[in-house]
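These are the residues of each chain, in order.
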Amino acid sequence: MAEIVAFVLVPALYLVALGAFLPFVPVIAALRGLALVMQVLAGYGRTLFGVVYRRTPEFQTLPPYRPQDEQVKAYRNYFFGPAFRDLRQLLTLARRSYATTVGDSFRAVTSRQFVAPTRHRALTMPYGVALYLGLCVGTVPALALICLLLGLHALVLALLTAGARFVAGALRTVDRAVLWMKRLRTGMLCPHCFERVPYPAYDCPSATCRRRHTDIRPGTYGVFRRRCECGGHMPTLLMLMGRNGRLQAHCVYPRCGKPMNTDAGHMPEVVIPLIGGQAAGKTQLMAAMLLSLEHAAANGGPAITLADEESDANYQVLREVLQMRGHTRATQRTLPRAHSFVLGRGLSQRLVHLFDTAGERFVDRDDTDALRYARAARTFVFVLDPMAVKAFWTRVEPAPGPLMDRTLGSTVDPEEVFARSVQAVAAMGAPLGRSRLAVAVSKMDLLTEHGLLPARLEDSAATRTWLRDVLGLHSLVRAMDLHFGEVRFFHTAAVTKEEAGVDASVTEFVAWCLRG
Ligand SMILES: Nc1nc2c(ncn2[C@@H]2O[C@H](COP(=O)(O)OP(=O)(O)OP(=O)(O)O)[C@@H](O)[C@H]2O)c(=O)[nH]1
Ligand SMILES: [Zn+2]
Ligand SMILES: [Zn+2]
């Protein structure tokens, strides 16, 4: 009887039970398959969150972009490197997570239903087979879904990267257009090395950092602003710097690197070199020009602010000298420093660089190539000391008396200085034919004092005639007309008058130089 039960009834009942279980197999398999898909998806979600947000070590498979490893010590913009790194990490980790989830699921079924079941194997094995079936079926849509999500991630990333690059490019173009409009297409002038700086370098604004950023424009290190290694933020464009948020600009040339004017790049620049022999009166004339502009500003004219501390300090010394009627120190023969000032307000603001060149420079041939800045100039000033012309002492009527102090005059022949400087400046590629020349006949107060000036010397034509006919400077005047597009003659007395400020001759001269 026992045999009948064991070998006939039980197997028969088991087969009937299996038959009854069979319709449930697809349901169980489908549910297990679905559960696997959900498990894989949850794993992907965790990986994505970890890679993109938490960024803890277990979610890092590639070395990060660190500012200290960069050429420029700043954090990269997410879409210029880090985003692609994230995608690659996500790919690696999502693959690992998928393999782990699927593997673990199979292993769990094997151990719970086949190797170490809690009930009789006859009961667990059919269930285990159904689960296997579900897992096998589930791996396919799970994998497809992960691939789809990764593909979507890559697509969104590609679009955003393209967008970020486009915005950066557009901002650079707009910035360039703004510079173009400010006539700074070829860059700004460095008042130390006199090179044109296409785009200045800027120091990080945080007081404890001061790392230098050579090219802050939108790109790898930020679209609208960049983050320095120290964590401080800085704008990426000149036009994004507010009036009070202007950063200190620096020259980009390695042998210079000195600070430029803070206003550099924010307004058009005007370069006016003062050319003339030693002691012709360039320094004093420049001081008088600045003082005259200052007086004009005080009386409702365009506002003037000295553009940097050095210009300001130099000018204070000059002003005192001028007011004491003392004598300016001979310009030191290091490269001349521009006296830079901002003239006007709002949109009409201009950064004016007056270059007072050391007199010897035009006599010493080797030195003339230091006049690089003259390339940027469209208005030149030639300071002509009549006392440096030999004919002055013999041909002027009435003849200069013994009271006239000859030591006040320059000893360098103006014709020679003019010829040399024109040659040097033209060799540097300055378009003299399209430039204007203001000839300032200096020290006129001394001549007036000694009654050596003709009564009518008001306008340019009269001064020209005087130079030509009385001082015999025919060839010099002709050479000026030949080389320059426009030439105008002024007589200047770079002296102050108690109440009226600077002599009127300087006011008129300055107005012409800064016109246009
Ligand atoms: N009275 C009078 N003196 C002047 C005038 N301009 C210059 N001087 C004097 O002439 C001398 C030379 O003037 P500077 O302005 O130093 O000449 P500079 O051309 O700058 O000379 P360097 O610096 O050597 O290139 C100084 O003693 C000035 O005081 C002027 O308009 N009137
Ligand atoms: Zn420089
Ligand atoms: Zn910093």
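Digging into the overall build of the protein chain
In terms of helices and strands, the protein chain carries 12 helices and 16 strands. For the protein chain, buried positions account for 47% of its 516 residues. The long-range share in the protein chain, meaning contacts at least 24 apart out of those at least 6 apart in sequence, stands at 72%.

Remarks on the coordination of the zinc ion (ligand 3)
Only Cys204 (SG), Cys209 (SG), Cys228 (SG) and Cys230 (SG) from the protein coordinate the zinc ion (ligand 3), and they sit 2.1 to 2.3 Å from it. Relative to the metal, the four donor atoms surrounding the zinc ion (ligand 3) lie at angles of 107 to 113°, and the coordination shape comes out tetrahedral. Read from N- to C-terminus, the donor residues coordinating the zinc ion (ligand 3) fall into the pattern C-x4-C-x18-C-x1-C. Separated by 26 residues along the polypeptide, Cys204 in the loop between strand 3 (201-203) and strand 4 (212-213) and Cys230 in the loop between strand 5 (225-227) and strand 6 (233-235) bring together distant segments of the chain.

Structural notes on the coordination of the zinc ion (ligand 2)
Around a metal, the idealised angle for a tetrahedral arrangement of four donor atoms is 109.5 degrees; for an octahedral arrangement of six donor atoms it is 90 or 180 degrees. On the protein side, the zinc ion (ligand 2) has Cys190 (SG), Cys193 (SG), Cys251 (SG) and Cys256 (SG) as donor atoms, found 2.2 to 2.3 Å from it. Each donor residue of the zinc ion (ligand 2) lies on the same chain, and together they follow the pattern C-x2-C-x57-C-x4-C. Taken together, the positions of Cys193 in the loop between strand 1 (188-189) and strand 2 (196-197) and Cys256 in the loop between strand 7 (249-250) and strand 8 (269-275) put the pair 63 residues apart, joining distant regions of the chain. Residue Cys256 is classed as buried on the basis of its relative accessible area, which comes to 16%.

Notes on empty space enclosed by the protein
Overall, the coordinates contain two cavities of 30 Å³ or more when judged by the stated rule. As a volume, the largest cavity reaches approximately 40 Å³. What lines the largest cavity is simply Ile275, Phe380, Phe382, Phe418, Ser421, Val422, Val425, Leu432, Leu437 and Phe484. Breaking the lining of the largest cavity down by element, the ones donating at least two residues are strand 12 (379-384) and helix 8 (414-427).

As for the pairing of strand 8
Burial runs high along strand 8: seven of the seven residues are buried. Covered by surrounding structure in strand 8 are Glu269, Val271, Pro273 and Ile275 together with Val270, Ile272 and Leu274, the residues of both alternating faces. Pairing geometry for strand 8 and strand 12, over two bridges, is parallel. By the bridge assignment, Ile275 is partnered in strand 12 with Phe382.

A closer look at unusual backbone geometry
Phi at Ala279 takes a positive value of approximately 65°, unusual for a residue other than glycine. Unusually for a residue other than glycine, Lys443 sits at a positive phi of about 60°. You can see Lys443 is positioned in the loop between strand 13 (436-441) and helix 9 (444-449).

So, the side chain of Thr236
Mapped onto the elements of the fold, Thr236 is located in the loop between strand 6 and strand 7. From its side chain, Thr236 meets the backbone oxygen of Val223 in a polar contact 2.9 Å long. At 2.9 Å, the side chain of Thr236 forms a polar contact with the backbone oxygen of Phe224. Thr236 has contacts with Tyr199, Ile216, Arg217, Pro218, Gly222, Val223, Phe224, Arg225 and Arg226, leaving out every residue within four places of it along the chain.

Considerations on the packing of aromatic side chains
Evaluated as defined, the whole model comprises nine aromatic pairs. Seen from their ring centres, Tyr78 and Phe79 are 5.4 Å apart, and the 75° between their planes marks the pair as edge-to-face. Residue classification places Tyr78 among the partly exposed positions, given a relative accessible area of 27%. Taking the relative accessible area as the measure of exposure, Phe79 reaches 21% and is therefore partly exposed. Summarising the aromatic geometry, the rings of Phe490 and Trp512 are spaced 5.7 Å apart at their centres and angled 55° between planes, so their arrangement reads as tilted. Residue Phe490 is found in strand 14 (residues 486-491), and its partner Trp512 is found in helix 12 (residues 504-513); the two are separated by 22 residues along the sequence. Here Phe490 and Trp512 have matching classes, each one buried. An aromatic cluster is present here, built from Phe380, Phe382, Phe418 and Phe484 joined pairwise through their rings. When the ring centre of Tyr199 is taken as reference, the NZ or CZ atom of Arg217 above it lies at 4.4 Å.

Considerations on the environment of Gly472
Note on placement: Gly472 falls in the loop between helix 10 (460-470) and helix 11 (474-483). Judged by relative accessible area, Gly472 falls into the partly exposed class, the value being 26%. With 80 residues separating them in the primary sequence, Gly472 and Phe392 have C-alpha atoms 8.8 Å apart.

Digging into the pattern of salt bridges
All told, the structure shown has 16 salt bridges when counted by the stated rule. Note that Arg212 is salt-bridged to Asp203, the shortest N-O span being 2.8 Å. Overlapping salt bridges bring together Arg172, Asp215 and Arg217 as one network.

Some points on helix 5 (residues 282-298)
Compared with an ideal rise of 1.5 Å per residue, which puts 17 residues at 24 Å, helix 5 spans 24 Å between its outermost C-alpha atoms and is within 8% of the ideal. By the burial criterion, the buried members of helix 5 are Lys282, Thr283, Leu285, Met286, Ala287, Ala288, Met289, Leu290, Leu291, Ser292 and Leu293. Downstream of helix 5 by a residue or two, Gly300 has a phi angle that is positive, lying close to 95°.

Concerning the nonpolar core
Residues Phe380, Phe382, Leu437, Leu467 and Met480 are the most contacted members of the largest nonpolar core, which totals 41 residues. At four residues, the largest contribution of residues to this core is made by helix 8. Among all residues touching Leu437, those that are not within four sequence positions of it are Phe380, Val381, Phe382, Phe418, Met480, Phe484, Glu486, Val487, Arg488 and Trp512. In terms of nonpolar packing, the next biggest core, distinct from the first, is built from 33 residues, Met289, Tyr315, Leu318 and Leu354 among them.

Cut-offs and rules
Residues numbered from 1 in each chain as written. Chains lettered and ligands numbered in written order. Predicted model: local features only at pLDDT ≥ 70, side-chain atom pairs only at ≥ 80, totals over all residues. Heavy atoms only, no water. Helix = DSSP H or I, 4+ residues; strand = E, 2+ residues; numbered from the N terminus. Buried < 20%, exposed > 50% of the residue type's maximum accessible area, 1.4 Å probe, protein only. Contact = heavy atoms within 4.5 Å. Donors = N, O, S within 2.8 Å, 3.2 Å for Na, K, Ca; no water. Tetrahedral: all angles 85-135°; square planar, octahedral: opposite > 155°, others 65-115°. 1 Å grid on protein atoms, 1.4 Å probe; cavity = no way out; pocket = protein on both sides within 12 Å on 5 of 7 lines; lining within 4 Å. Points joined across faces, edges and corners; volume = space filled by probe spheres on them. Pairing = 2+ DSSP bridges. Polar contact = N/O pair within 3.5 Å; in protein donor to acceptor, adjacent residues only side chain to side chain. Phe/Tyr/Trp six-rings, centres within 6.5 Å; stacked < 30°, edge-to-face > 60°. Lys NZ or Arg CZ within 6 Å of the ring centre and 35° of its normal. Salt bridge = Lys/Arg side-chain N within 4 Å of Asp/Glu carboxyl O. Expected span 1.5 Å × (residues − 1). Core = buried A, V, L, I, M, F, W, Y, C linked by side-chain atoms within 4.5 Å.

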